[in-house]
Amino acid sequence: MNGLFRSRPPRPITFLSDYGYTDEFAGVCRGVIARVAPGAPVIDLTHGIGRAAVRQGALVLANSIPYCPAGVHLAVVDPGVGTERRPVAIRVADEDRLLVGPDNGLLGLAVARLGGAARAVDLTASPFKLEPASATFHGRDLFAPIAARLALGADLEEAGEPVSPDSLTPMELPQPRVYPERVIAHAIHNDQFGNVILNLTREQLDPTPFGLGDSLGVETRGGSFSAAFARTFADVAEGQVLLYEDATRTLALAVNRGSAAEALRIEPDDEVVLRQH
Amino acid sequence: MNGLFRSRPPRPITFLSDYGYTDEFAGVCRGVIARVAPGAPVIDLTHGIGRAAVRQGALVLANSIPYCPAGVHLAVVDPGVGTERRPVAIRVADEDRLLVGPDNGLLGLAVARLGGAARAVDLTASPFKLEPASATFHGRDLFAPIAARLALGADLEEAGEPVSPDSLTPMELPQPRVYPERVIAHAIHNDQFGNVILNLTREQLDPTPFGLGDSLGVETRGGSFSAAFARTFADVAEGQVLLYEDATRTLALAVNRGSAAEALRIEPDDEVVLRQH
Amino acid sequence: MNGLFRSRPPRPITFLSDYGYTDEFAGVCRGVIARVAPGAPVIDLTHGIGRAAVRQGALVLANSIPYCPAGVHLAVVDPGVGTERRPVAIRVADEDRLLVGPDNGLLGLAVARLGGAARAVDLTASPFKLEPASATFHGRDLFAPIAARLALGADLEEAGEPVSPDSLTPMELPQPRVYPERVIAHAIHNDQFGNVILNLTREQLDPTPFGLGDSLGVETRGGSFSAAFARTFADVAEGQVLLYEDATRTLALAVNRGSAAEALRIEPDDEVVLRQH
């Protein structure tokens, strides 16, 4: 399907979506990639992003890419498929990485962490899309074949019409408010184990005296709780609440062998107040 | 494990099953394939087909294969494993594709869409199966190693005993009844988002005046509803029912950001009546 | 990332964990492997092991490895991550296989079936780990990159500090008590279909007269039941209880088209008594 001479092997493609595992949506996209770019390694990051959870997808993508080989990063969480939202491909400034997906903020955090967008194209009329393209399955008909062509070495500008990098949709996260005695943070995602990821890093605790080993007060819609600021789950007793720095260097609340989301009744976007005990 | 000289790289193998993701069944089959045919690309279509849902598996397989590279298509939804149902491998007429799985209808829709079966073999006594073969896990012991040998380039007739293509089990779907004023269709599958796939295509609406933009009446066991015949979800308000052509060119009912299966109380095989409003 | 000359292609890596499919944990580990060892085939066995279910993981791993190509076997079910439990890599005696994971019993059954550990290393201060390593995600920072380096051909002793194979944590399973008239077995795992895997093989039935085709009594916390000792599900009526040898050559209880775990109210570790009827 590609008559051009390519001297390099296909680049790896990472793939993240909210397609789930019950239906064949992710599998059909893998089929399209294998057909367009035989031999391109496909690394499934996850297809378990919450349905239409663009912000969660953006966070997971930004946290995962640094651990993956440079190549093409395909991401599809696309509640606006079929509307005027643009499909885009982006070359980032800092590394030899290309991102492909809807321009709805999903790619925003990853792009920001990789130095911003150096160049971007609108894929709406891409010559690489499958014809006839459906109105509802752009993963299969648009994003997957374009990611595959980019993995084969196509230039970004072959894939679509150049657009200004400044016109791309960013992803704005709520910012924590940090005072000397307390921090007003937000829950941004509950993982499958009930750990609650906050919009807060250890560096942002700076004006507070909170440190490892401290006992902190936590206020949520579920009430007031006591939490240990610990390095890892095993540092606290079973059932105890802990605040810890997770593997993405973000602060999170957990219950050892339990669910913080349930025990503290926290839902995404809730305010979570941390204070001295 | 294969002493013959093969000059071509192994062909890709697509893999669909109802093995789910909790247990290791699909993974062990992938292990067998990697052992028998190192380097053969394996494309997981889905392992989330409903348990023993042969018809759903048949639909997904038939809709997915056209998007996948030509090669070997392994499919296992096999409630009759260990009984007299035959394991088969089939070469289709229209393309260079081989299908491997139980002869229970699972392969029937894909075979029909690919021009019918040109040749078929019964795999019961295949020299390629693992010994000792278990009574209950033919995916691992029979289908996976045979698919792998076919991917390496084995002839169909090396894999089993020839049988008449006419003896293969077809998959019969209920047919819609279409009148000038109404259509009596059937729900054939509810996907994970609650979209209800009907046994109906846009072409089959021909004697009716139903067209894009129309408002239609929908009668189900849940009552009477109003639906917009729309191009995509985004064309209707949140919570509204729509009839749309899905990405497999089949008509389906959905609720924008909701579940049509729940809202309209539709279960697979239910009759669904569409009429002028 | 690897300056050494390697003449052989990377070895395959099997991967088993309790990371689930909702989050990206397994995907990020795949990313790390693809980065460290481009071209190394990764065979996902399953990431659906119960959370912290070390024994279930050990059973699945031991039952799966014989079907997989020789190579590196990465397994992560690690409730003690961040504590003093050792991360280890093991070369087994009987085959050219390396196992990588926590030394908490997870690798124990597989090692025992493969002739025991020939050599082992403690990975705590491995030069192959990612820096900075997190306290909570050793899959990504420790186990995956080390498995990848071993797949590239690194020597076991390059990966960590040698430890005595005798010091490795074994996995002890409860043993059945077998009398001429009855067997006291234990449920060791309920699979996703509700089949109950017992700590019992057909060979261990030896002093009893129980044989294929017999009707047996089964006593559980749920009461007394009648079960057919059958070769496969299809040998009994829908809804009937059967005792059968599963595909791992272990005896199991099932209900044809139903759930034995539910119907007989059996939970893992429960005693299950089989007796003549």
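It should be emphasised that the depicted structure is a prediction, and the values quoted were computed from it without experimental measurement.

*Asks:* Is there a simple way to think about the interface of chain C and chain A in this case?
*Replies:* The parts lose accessible area when they come together, and the size of an interface is often stated as this lost area. Taken together, the 28 residues of chain C in the interface contact 29 residues of chain A. Carbon and sulfur atoms make up 54% of the surface buried where chain C meets chain A, a total of about 2,300 Å² over both sides. Interface area lost by chain C to chain A is led by C:E24, C:R35 and C:R51, which between them contribute 23%. Counting the contacts that link chain C with chain A gives zero salt bridges. Here the side of chain C that touches chain A takes eight residues from helix α1 (residues 25–36) of chain C, the largest share from any one element. Here the residues of the side of chain C that touches chain A sort into twelve nonpolar, eight polar and eight charged.

*Asks:* How should the packing of aromatic side chains be read in this particular structure?
*Replies:* Describing an aromatic ring pair means giving the distance of the ring centres and the angle of the ring planes. Taken as a whole and assessed by the stated rule, the structure comprises 18 aromatic pairs over all chains. A centroid spacing of 5.7 Å and a plane angle of 75° characterise the contact between A:F25 and A:F137, whose relative ring orientation is edge-to-face. Of this pair, A:F25 sits in helix α1 (residues 25–36) while A:F137 is found in the loop between β6 (117–122) and α4 (138–151), placing the two residues 112 residues apart along the sequence. For the pair formed by A:F25 and A:F137, the shared burial category is buried. Centre to centre, the rings of B:Y19 and B:F137 are 5.7 Å apart; their planes meet at 80°, and the pair counts as edge-to-face. Residue B:Y19 is found in the loop between β1 (13–17) and α1 (25–36), and its partner B:F137 is found in the loop between β6 (117–122) and α4 (138–152); the two are separated by 118 residues along the sequence. Of the two residues, B:Y19 and B:F137, both sit in the buried class. By way of ring pairs, the aromatic residues A:Y19, A:F25, A:F137 and B:F193 are connected into one cluster.

*Asks:* Help me understand the interface of chain C and chain B, please; the structure alone is not making it clear to me.
*Replies:* Taken together, the contact between chain C and chain B spans 29 residues of the former and 28 residues of the latter. For the pair chain C and chain B, the two sides together bury roughly 2,300 Å², of which 55% comes from carbon and sulfur. Considering only the surface of chain C that becomes buried against chain B, C:Y67, C:Q192 and C:F193 emerge as the three largest contributors, covering 28% of it. Connecting chain C to chain B are ten residue pairs in polar contact (both at pLDDT 80 or more). For the side of chain C that touches chain B, the secondary-structure elements that each account for two or more residues are β2 (42–46) and α2 (54–64) of chain C. Here the side of chain C that touches chain B gets four residues from one element, more than from any other, and that element is β2(C). Here the residues of the side of chain C that touches chain B are counted per class, giving 14 nonpolar, eight polar and seven charged.

How each quantity is defined
Residues numbered from 1 in each chain as written. Chains lettered and ligands numbered in written order. Predicted model: local features only at pLDDT ≥ 70, side-chain atom pairs only at ≥ 80, totals over all residues. Heavy atoms only, no water. Contact = heavy atoms within 4.5 Å. Buried area = accessible area lost by both parts, 1.4 Å probe. Salt bridge = Lys/Arg side-chain N within 4 Å of Asp/Glu carboxyl O. Helix = DSSP H or I, 4+ residues; strand = E, 2+ residues; numbered from the N terminus. Nonpolar A, V, L, I, M, F, W, Y, C, P; charged D, E, K, R; others polar. Phe/Tyr/Trp six-rings, centres within 6.5 Å; stacked < 30°, edge-to-face > 60°. Buried < 20%, exposed > 50% of the residue type's maximum accessible area, 1.4 Å probe, protein only. Polar contact = N/O pair within 3.5 Å; in protein donor to acceptor, adjacent residues only side chain to side chain.

Nothing here speaks to function; it is geometry throughout.
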